[in-house]
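Residue strings, one per chain:
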Amino acid sequence: MLNTKCSTSLQHLKQTHALILRTGHFQDHYVSGSLANSYANSDFETLDFSIRVFDQVRNPNVFVWNSLVRGFLDNNQPLNALSFYSTKMVGSRSMPNKYTYPPLLKACAVLGAVEEGVQVHAHVVKYGLSGGRHVRSACVHMYVSFGRVLDARNVLVGGPEPDVVCWNAMIDGYFKCGNVEEAKRVFENMKEKNIGTWNAMVSGFASCGMIEEAVESFNRMPEKNDLSWSAIIDGYNRGGYYKESLAIFKEMQREKLKPSKFVLSSVLAACANLGALDQGRWIHRYIESESVPQGAILGTSLINMYAQCGLIDLAREFFNNMKQKEVFTWNAMIGGLAVNGRAEDAIQLFFQMQQEKMKPDDITFVAILSACAHGGLVDKGLDFLRSMKENYGVEPKVEHYGCVVDLLGRVGLLKEAEEVINSMPIEPNAAVWGALLGACGKHGNVELGERVGKILLELEPQNSGRYALLSNIYAKAGRWEDVENDIYSLLEVVIRKLNLEGYLPKTSEVLFDIDEEEKETALRYHSEKLAIAFGLLKTTPDTTIRIVKNLRVCDDCHNATKLISKIYNRKIIVRDRVRYHHFENGACSCQDFW
């Protein structure tokens, strides 16, 4: 009963628990261990019950101990798994077995705890358990995650002939270290392959950016399981092929395969990046209709999808109703508020996070600094940067300095932004200099832009975007010697109405050496204006117009869209390459900071 009915129903689990107590079977170690294991199910969020069950067992045997070790890991508490083993189990009379160490080795890998991992491996050898395939493969995975491929290889060949599980772990390890040729060599030489072998190749190629090879391996698989589909969908997402990711999901549906929560999470990520709200909503309905457990991972994916599709209030409502929140859940909500122009709400949520005893990490600070940048909150952003290490024990990384440079640059404090870069304790990368170059373009600082542009061209000589941005700066300054059907009809009407409202085209946005009249014509047919005209033509007056583009919104289109939202009494949501703009009644949520 515990291993079947109770794995999907908390109500059944509680009823079975009551039956165990009533019939006097609680002190049977197999029963109590299975009960503790059932309560450790991460979908139920009842790990505390599992611990209480364990505490009431007299002289627990290794099966009961293992249930708790594995339970901590399954509930994203790897540090507690190690602590529980080292402070309690090691001193008990119960001897560890081959099932004790795989979760402990995985916990070390997750934490990046090299010293502790070596000590756990020493215990494996001490108790004579290094020959088991699951223990060996877990050791290989752990050493690979530490970047110690030689140690992983020594574990692999330092005993009986490795089985397919161990070789699969080694393939995965070579891919993680970027040694694609060695991974391919191991694969070709393997006499026995299983689904896990093929899955390792698919996910490995994808992680190295070799999506064509990943697809080829996926298509060659003699059979596929849920992890196979998840691997290829993740691979497409990692490479930015979000439409292809959704196409694979539809193919999976045609084959009548039931997706796991991990597949659904990956598909929601694709929806978020595409702004595919209808598809995302369909998946949400599917999750509810199929009673798919909404743990922290899937719940966070739903929050991210709604936030990235511009429905920030719905994302916040879903967040508030979530029972199980991890730090990445808070990060997704704070980041969602930031890109949707709700900087003050993001800051308030940051402090609420601490009130609920959730410690922020480095990604949290990227989100909160981004919120300050999008809201023009200079003093608060600088305070957050200063307090990171002192108050929260988080060492600022290059991404955090990049956010601060972006923050200062947006409001025109270019000198201060350059001073931040020059005072960084770590080497600034192209993204940091790029933020400053973008600010030079926005505020027309040709001299600084030229200096920064030269630095960037040395760092990224193949990045055409850097040349274009520097070209734009010259063009805005007038230095041309340095720069070598129905929708259109409706757009003309829109432009005439804009002109009546006092709209003046910002011709400095046209980066070609042509006369002013030609510049105004070029601005008229920018993609955002065409998309808005299409939206006005094809939707009812009460419909929100949603636009997704892969470039930044230009100043002219930003000003025009504000006026259009007022003239036509329409809410218009534009997602550009960096953030969301919510236009309503002549104003934008970004408050002209973008």
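Thresholds, definitions, all that
- Positions within a chain are numbered from 1, following the residues in the order the chain's sequence is written.
- Reporting in this predicted model follows two pLDDT cut-offs: at least 70 for local features of residues, and 80 or more for side-chain atom pairs to be given and counted; totals over whole chains, interfaces and linings ignore these cut-offs and use all residues.
- With hydrogens and water excluded, all non-hydrogen atoms of the structure serve as input to the side-chain values.
- Residues form patches when they are more than 30% accessible in relative terms and have no salt bridge. Like charges link within 9 Å. Nonpolar side chains (Val, Leu, Ile, Met, Phe, Trp, Tyr) link within 5 Å.
- For accessible areas, the Shrake-Rupley method is used with a probe of radius 1.4 Å. Any residue's cover is judged against the shown protein chains and nothing else.
- We define a salt bridge as a contact between a side-chain nitrogen of Lys or Arg and a carboxyl oxygen of Asp or Glu at a distance within 4 Å.
- Put simply, DSSP marks the helices as runs of H or I at least four residues long and the strands as runs of E at least two long, and each gets a number from the N terminus on.
- Each pair of aromatic rings taken from Phe, Tyr and Trp, with Trp reduced to its six-membered ring, is defined by centres within 6.5 Å and is described as stacked if the planes are under 30 degrees apart, edge-to-face if over 60, and tilted in the remaining cases.
- Summary of the burial criterion: residues with accessible area below 20% of their type's maximum are buried, those above 50% are exposed, and those between are partly exposed, where the area comes from a 1.4 Å probe applied to protein chains only.
- Any Lys NZ or Arg CZ found within 6 Å of a ring centre and within 35 degrees of that ring's normal is scored as a charge over the ring.
- Each helix should span, by expectation, one fewer than its residue count multiplied by 1.5 Å.
- Among buried residues, the Ala, Val, Leu, Ile, Met, Phe, Trp, Tyr and Cys ones that are joined through side-chain atoms within 4.5 Å form a nonpolar core.
- Only C-alpha atoms enter the line fits that serve as axes; for helices the fit covers just the stretch in contact. Angles between N-to-C directions range over 0 to 180 degrees.
- Just so you know how the angles are binned, under 35 degrees is roughly parallel, over 145 roughly antiparallel, 65 to 115 roughly perpendicular, and the rest oblique.
- Take the far helix as your reference; a near helix turned counterclockwise from it by less than a right angle gives a left-handed crossing, and one turned clockwise gives a right-handed crossing.
- Residue contacts are defined here by distance: any two heavy atoms, one from each residue, within 4.5 Å place the two residues in contact.
- Residues are grouped as follows: Ala, Val, Leu, Ile, Met, Phe, Trp, Tyr, Cys and Pro are nonpolar; Asp, Glu, Lys and Arg are charged; all remaining types, including Gly, are polar.
- A strand pair is defined by DSSP finding two or more bridges across the two strands.
- Counted charges follow a simple rule, with Lys and Arg positive, Asp and Glu negative, and His plus the chain ends left uncounted.
- Taken as the charge centre is NZ of Lys, CZ of Arg, CG of Asp or CD of Glu, depending on the residue.
- Known as pLDDT, the predictor's confidence for each residue is given on a scale from 0 to 100.
- Side-chain atoms alone can form a polar contact between residues adjacent in sequence; in general such a contact is a pair of N or O atoms within 3.5 Å, and within protein one must be able to donate a hydrogen while the other accepts it.
- When the strands point away from the viewer and the connection leading from the first strand across the helix to the second strand turns clockwise, the crossover is called right-handed.

A.B. asks: Please clarify how a nonpolar patch on the surface should be interpreted in this entry.
C.D. replies: Judged by side-chain polarity, Phe-262, Ile-297 and Phe-328 come together as a nonpolar surface patch covering roughly 260 Å² of accessible area. Looking at the secondary structure, you find Phe-262 in helix α16 (residues 261-274).

A.B. asks: When you look at the packing of aromatic side chains in this model, what are you seeing that I'm missing?
C.D. replies: What characterises a pair of aromatic rings is the spacing of the ring centres plus the angle enclosed by the ring planes. The final tally for this structure, using the stated rule, is 21 aromatic pairs. For the pair Phe-218 and Trp-229, a centre-to-centre distance of 5.2 Å together with 75° between the ring planes defines the contact as edge-to-face. With Phe-218 in helix α13 (residues 211-220) and Trp-229 in helix α14 (residues 226-238), this residue pair connects regions lying 11 residues apart in the sequence. Ring geometry for Tyr-236 against Tyr-241: centres 6.2 Å apart, planes inclined by 75°, an arrangement best described as edge-to-face. Taking relative accessible area as the criterion, Tyr-241 reaches 36% and is therefore assigned partly exposed. Put simply, the rings of Phe-350, Phe-351, Phe-365, Phe-384 and Tyr-392 pair up and form one aromatic cluster. Its end group placed over the ring of Phe-49, Arg-52 keeps NZ or CZ at 5.3 Å from the ring centre. The lysine or arginine in question, Lys-325, covers the ring of Phe-319, its NZ or CZ lying 5.0 Å from the ring centre.

A.B. asks: Mind showing me how you'd approach the pattern of salt bridges here?
C.D. replies: Following the criterion strictly, the structure yields 18 salt bridges and no others. Linking Lys-261 and Asp-43 is a salt bridge whose minimum nitrogen-to-oxygen distance equals 3.1 Å. Residue Lys-261 is found in helix α16, and its partner Asp-43 is found in the loop between α2 (29-39) and α3 (47-55); the two are separated by 218 residues along the sequence. Under the relative-accessibility criterion, Lys-261 is labelled partly exposed at 25%. For Asp-43, a relative accessible area of 27% puts it in the partly exposed group. A salt bridge links Lys-184 to Glu-181; the shortest N-O distance between them is 3.7 Å. Of this pair, Lys-184 and Glu-181 are both found in helix α11 (residues 180-189), 3 residues apart, which corresponds to roughly one turn of the helix.

A.B. asks: Can you walk me through helix α8 (residues 133-145) in this structure?
C.D. replies: Count 3.6 residues to each turn of an α-helix, and residues three or four apart come out pointing the same way. For α8, spanning 13 residues, the distance from its first C-alpha to its last is 18 Å, which sits close to the expected 18 Å at 1.5 Å a residue. Every buried residue of α8 is accounted for by Val-135, Arg-136, Ser-137, Ala-138, Cys-139, Val-140, Met-142, Tyr-143 and Val-144. A positive phi of about 80° marks Gly-147, the residue just after α8.

A.B. asks: Quick question: what am I supposed to make of the nonpolar core here?
C.D. replies: In terms of nonpolar packing, the biggest core is built from 157 residues, with Ile-171, Met-305, Ile-368 and Leu-436 touching the most fellow members. With 21 residues, the next largest nonpolar core counts Leu-498, Ile-547, Val-574 and Phe-583 among its residues.

A.B. asks: Could you clarify how one ought to interpret the packing of α14 against helix α15 (residues 242-254) in this entry?
C.D. replies: Any two packed helices are characterised by how steeply their axes cross, that is the angle between the axes, and by the distance between the axes. At a closest axis distance of 7 Å, the pairing of α14 and α15 adopts a crossing angle of 160°. Between α14 and α15, the angle is such that the two are roughly antiparallel. Of the two possible hands of crossing, α14 and α15 adopt the one that is left-handed. Judged by residue contacts, Asp-226, Trp-229, Ile-232, Ile-233, Tyr-236 and Asn-237 of α14 engage Tyr-242, Glu-244, Ser-245, Ile-248, Phe-249, Glu-251 and Met-252 from α15. Partitioning the contact of α14 with α15 into residue classes produces 8 nonpolar, 2 polar and 3 charged.

A.B. asks: It is not clear to me how the pairing of strand β3 (residues 580-584) should be interpreted in this structure. Could you clarify?
C.D. replies: Regular strands have side chains that alternate between both faces of the sheet. Of all 5 residues making up β3, 4 are buried, and the element is well covered by its neighbours. Of the pairings in the sheet, the one linking strand β2 (residues 572-575) to β3 comprises 4 bridges and is antiparallel in character. Within β3, the position partnered with Arg-575 by the bridge is Tyr-580. Counted between consecutive antiparallel strands, the loop separating β2 from β3 contains 4 residues. Examined bridge by bridge, β3 and strand β4 (residues 587-588) share 2 bridges and lie antiparallel to one another. Following the sheet pairing, Phe-583 is matched in β4 by Cys-588. Linking β3 back to β4 in an antiparallel pair, the connection comprises 2 residues, with Asn-585 at a positive phi of about 55°.

A.B. asks: Just checking my understanding: could you explain unusual backbone geometry for this structure?
C.D. replies: Negative phi characterises most residues that are not glycine, and trans characterises most peptide bonds. For Asn-59, which is not glycine, the phi dihedral falls at a positive 50°. Within the secondary structure layout, Asn-59 lies in the loop between α3 and α4 (62-74). Even without being glycine, Lys-357 reaches a positive phi, approximately 65°. Its location among the elements puts Lys-357 in the loop between α21 (343-355) and α22 (362-375). In this structure Lys-357 comes out as exposed when scored by relative accessible area, which is 77%.

A.B. asks: What exactly am I supposed to notice about the packing of helix α9 (residues 149-157) against helix α10 (residues 164-176) here?
C.D. replies: Where α9 meets α10, the closest approach of the two axes is 11 Å, and the angle between their N-to-C directions is 170°. Regarding the angle of α9 to α10, the classification is roughly antiparallel. Only Cys-166, Trp-167, Met-170 and Tyr-174 of α10 make contact with α9, whose side of the interface consists of Val-149, Ala-152, Arg-153 and Leu-156. Within the contact of α9 with α10, the residues separate by chemical class into 7 nonpolar, no polar and 1 charged.

A.B. asks: Looking at this structure, I do not really get the sheet that holds strand β1 (residues 545-548). What am I missing?
C.D. replies: Sheet strands pair by backbone hydrogen bonding; their relative direction is either parallel or antiparallel. If you trace the 4 strands from one edge of the open sheet to the other, you get β1-β2-β3-β4, paired in mixed fashion. Single-partner strands in this sheet number two, and they are β1 and β4.

A.B. asks: Sorry if this is basic, but what is going on with a positive patch on the surface here?
C.D. replies: Residues Arg-281, Arg-285, Arg-546 and Lys-571 make up a contiguous surface patch of positive charge. You can call Lys-571 partly exposed: its relative accessible area is 31%.

A.B. asks: Looking at this structure, how should I read the confidence of the model for the protein?
C.D. replies: If pLDDT is low for a region, its predicted coordinates should not be looked at in detail. The predicted model of the protein averages 86 in pLDDT, with 91% of residues at 70 or higher. Note on residues 510-514: pLDDT under 50 across the span, and 12 contacts to partners over four residues away in sequence or across chains.

A.B. asks: Help me understand the environment of Met-89 in this model?
C.D. replies: Tracing the backbone through its elements, the reader meets Met-89 in helix α5 (residues 78-89). Separated by 19 residues in the primary sequence, Met-89 and Arg-70 place their C-alpha atoms 13 Å from one another.

A.B. asks: Can you help me understand the side chain of Lys-325 in this one?
C.D. replies: Relative to the helices and strands, Lys-325 is located in the loop between α19 (312-321) and α20 (327-339). Buried and unpaired, Lys-325 has no salt bridge, with Glu-356 as the nearest side chain of opposite charge at 5.2 Å. At a separation of 3.4 Å, a polar atom in the side chain of Lys-325 contacts the main-chain carbonyl oxygen of Phe-319. Apart from the residues within four sequence positions on either side, Lys-325 is in contact with Phe-319, Asn-320, Trp-330 and Met-358.

A.B. asks: What's the story with the pairing of β2 in this structure? I'm lost.
C.D. replies: Residues Ile-572 and Val-574 point to one face of β2 and Ile-573 and Arg-575 to the other, with burial holding for every one of them. The pairing of β1 with β2 spans 4 bridges and is parallel. By the bridge assignment, Val-548 is partnered in β2 with Arg-575. Taking the sense of rotation as the criterion, the β-α-β connection linking β1, helix α32 (residues 555-567) and β2 turns out right-handed.

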